[in-house]
Amino acid sequence: MMMASSTIDPREAQHFGAMAKDWWDPKGSSAMLHKLNPVRLGYIRAAVDLHWDGDDTSFTPLAGKTALDVGCGAGLLCEPLARLGAAVTGIDAAAENIAVAQAHAAQAGLAIDYRAVGVEAMTGRFDLVTSLEVIEHVADPAGFVRGLAESLADGGLLVLSTPNRTPLSRLALITLAEGTGRIPRGTHDWDKFLTPEDLTDLLERAGLTVTDVQGLGFSPATGFVLSGSTQLDYFVTAKRV
Ligand SMILES: C[S@@+](CC[C@H](N)C(=O)[O-])C[C@H]1O[C@@H](n2cnc3c(N)ncnc32)[C@H](O)[C@@H]1O
Ligand SMILES: [Mg+2]
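The rules behind the values
Residues numbered from 1 in each chain as written. Chains lettered and ligands numbered in written order. Predicted model: local features only at pLDDT ≥ 70, side-chain atom pairs only at ≥ 80, totals over all residues. Heavy atoms only, no water. Donors = N, O, S within 2.8 Å, 3.2 Å for Na, K, Ca; no water. Buried < 20%, exposed > 50% of the residue type's maximum accessible area, 1.4 Å probe, protein only. Axes fitted to C-alpha atoms, helices over the stretch in contact; angles between N-to-C directions. Helix = DSSP H or I, 4+ residues; strand = E, 2+ residues; numbered from the N terminus. Parallel < 35°, antiparallel > 145°, perpendicular 65-115°, else oblique. Left-handed = near helix turned anticlockwise from the far one by under 90°. Contact = heavy atoms within 4.5 Å. Nonpolar A, V, L, I, M, F, W, Y, C, P; charged D, E, K, R; others polar. Arc of directions from axis to C-beta. Near = heavy atom within 4 Å. Polar contact = N/O pair within 3.5 Å; in protein donor to acceptor, adjacent residues only side chain to side chain. Phe/Tyr/Trp six-rings, centres within 6.5 Å; stacked < 30°, edge-to-face > 60°. Lys NZ or Arg CZ within 6 Å of the ring centre and 35° of its normal. UniProt positions renumbered as here; feature names shortened; annotations may be inferred. Pairing = 2+ DSSP bridges. Right-handed = clockwise from strand over helix to strand, strands pointing away.

Asks: Outline the coordination of the magnesium ion (ligand 2), supporting the account with residue identities and numerical values.
Replies: On the protein side, the magnesium ion (ligand 2) has Glu136 (OE), His137 (NE2) and His188 (NE2) as donor atoms, found 2.2 to 2.7 Å from it. Classification of His188 as buried rests on a relative accessible area of 15%.

Asks: Can you lay out the packing of helix H5 (residues 141-150) against helix H7 (residues 196-205) for me, pointing to particular residues and giving the numbers?
Replies: Between two packed helices, the angle of one axis relative to the other and the distance separating the axes together describe the packing. Contact pair H5 / H7: the axes reach a minimum separation of 9 Å and the direction vectors enclose 55 degrees. Taken together, the axis directions place H5 and H7 in an arrangement best described as oblique. For H5 against H7, the interelement crossing comes out right-handed. Residue-level contacts link Pro141, Ala142 and Val145 of H5 to Leu199, Leu202 and Leu203 of H7. The residue makeup of the contact of H5 with H7, split by class, is 6 nonpolar, no polar and no charged.

Asks: How would you summarise helix H6 (residues 167-178) if you had to cite specific residues and measurements?
Replies: Along H6, the residues that are buried comprise Ser169, Leu173, Ala177 and Glu178. On an axial view of H6, the arc spanned by its buried residues comes to 85 degrees, and they lie on one face. Elements that come into contact with the buried residues of H6 comprise helix H2 (31-51) and strand E5 (152-163).

Asks: An account of the side chain of Asp49 is requested, with residue identities and associated values reported.
Replies: Position of Asp49 among the secondary structure elements: in helix H2. Residue classification places Asp49 among the buried positions, given a relative accessible area of 10%. In this structure, Asp49 is in contact with Gly54, Asp55, Asp56 and Pro61, ignoring residues within four places of it in sequence.

Asks: Please provide a residue-by-residue account of the site of ligand 1, values included.
Replies: The immediate surroundings of ligand 1 are formed by 19 residues, with Thr7, Arg40, Gly71, Asp92 and Leu132 found nearest. Interatomic distance of 2.7 Å between a side-chain N/O atom of Asp92 and an oxygen atom of ligand 1. Interatomic distance of 3.1 Å between a side-chain N/O atom of Asn97 and an oxygen atom of ligand 1. Taken together, the residues of the shell around ligand 1 break down into 11 nonpolar, 5 polar and 3 charged.

Asks: If you had to explain unusual backbone geometry to someone new, which residues and values would you point to?
Replies: Even without being glycine, Asp53 reaches a positive phi, approximately 50 degrees. Its location among the elements puts Asp53 in the loop between H2 and strand E1 (66-70). Taking the relative accessible area as the measure of exposure, Asp53 reaches 69% and is therefore exposed. Of note, the phi angle at Glu133 is positive, near 60 degrees, even though the residue is not glycine.

Asks: Explain the packing of aromatic side chains to me, using residue names and the numbers behind them.
Replies: If you walk through the whole model with that rule in mind, you get 3 aromatic pairs. Here the aromatic rings of Tyr43 and Phe235 are separated by 4.3 Å at their centres, their planes lie at 15 degrees, and the arrangement is stacked. Of this pair, Tyr43 sits in helix H2 while Phe235 sits in strand E8 (residues 233-240), and the two are 192 residues apart along the sequence. The ring centre of Trp190 lies 3.9 Å from the NZ or CZ of Arg170, which sits over that ring.

Asks: Could you give an account of the UniProt feature "binding site: S-adenosyl-L-methionine" (unreviewed entry) in the protein, naming the residues involved and the relevant values?
Replies: Per the UniProt record, "binding site: S-adenosyl-L-methionine" (unreviewed entry) is found at Arg40, Gly71, Asp92 and Leu132. In this fold, Arg40 is placed in helix H2. The class of Arg40 is buried, set by a relative accessible area of 5%. When neighbours within four sequence positions are excluded, Arg40 is seen to be in contact with Leu33, Leu76, Leu132, Glu133 and Phe235. A polar contact of 2.8 Å, which involves the side chain of Arg40, links it to the side chain of Asn37.

Asks: Residues and numbers for the pairing of E1, please.
Replies: The element E1 is largely enclosed, with a buried count of 4 among its 5 residues. Both E1 and strand E2 (residues 87-91) contribute to a ladder of 5 bridges, which runs parallel. Opposite Leu68, over in E2, you have Thr89 as the bridge partner. Where the polypeptide runs from E1 across helix H3 (residues 78-83) and back to E2, its parallel neighbour, the crossover connection is right-handed.

Asks: Provide a residue-level description of the sheet that holds E1, including the pertinent values.
Replies: Pairing within the open sheet is mixed, and its 8 strands lie in the order E3-E2-E1-E4-E5-E8-E6-E7. Each edge of the open sheet is held by one strand with a lone partner, namely strand E3 (113-115) and strand E7 (223-227). The sheet shows a mean angle of 20 degrees between the axes of neighbouring strands, direction not considered. Looking at chain direction, strand E6 (residues 208-219) and E8 are connected through 8 bridges and run antiparallel. Across the sheet, Leu216 pairs through a bridge with Asp233, a residue of E8.

Below you can see the structure in the form of structure tokens.
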């Protein structure tokens with residue numbers, strides 16, 4: 001049997017681990033992720049209701065479902081997924097993030113299974129697999145996507161988000177956001193960004209079918225919104241063929 005190589009780039013784990021302490025501060029180093037949370041929860045909720053033909057008025061559409069959030073940071077997505085009823089596992093490359101995530105969930109009274117491992121170390125299969133704003137930071141995107149696919153139960157749903165590789169994403173995320181310190185400097189390597197076509201190709205090679213691609217846009221007036229344009233950042237949902 002071939003050993004799965006790690007998808008974790010140690011420099012990335014160190015970079016994000018150093019941000020752990022103020023991860024839950026809406027004005028801290030992860031402020032951008034806090035701002036993203038409402039729109040992406042809306043996207044995930046709609047994808048979940050569509051995939052499982054759910055009741056969009058239910059408070060717990062994920063009751064009875066298992067969820068794996070890969071690259072969970074200190075748990076900004078895991079906690080709402082748990083409140084929506086899922087039995088949540090969150091994994092991250094940075095042990096510091098996992099420690100903060102565990103402490104925060106305990107305070108909130110949420111039972112979330114947090115582990116400092118890469119996706120290649122997971123053995124179980126999950127109904128919902130999410131990985132938001134992570135793949136642009138991994139060492140081996142193809143291996144990472146294979147790991148996500150292997151963690152997805154038959155009949156399951158995978159949701160990803162990531163910046164596109166465009167002049168706009170370079171300007172907005174690196175020149176402006178990192179240039180002004182709104183996102184910590186050195187967070188992104190534009191050359192590692194994937195286009196929707198690149199990501200679709202990786203997902204298909206891992207045996208999945210893409211069922212939706214939706215842009216995530218930003219304007220000073222509205223903040224982050226779902227958008228017809230994928231130029232800045234985008235969501236992808238996929239399922240097993
Ligand atoms: C930009 S943050 C996104 C955090 C979270 N998904 C969110 O959107 O709120 C990227 C996270 O991915 C983690 N990470 C980077 N490479 C990873 C890998 N190969 N496997 C698991 N986590 C990884 C980092 O430690 C960091 O916490
Ligand atoms: Mg990023």
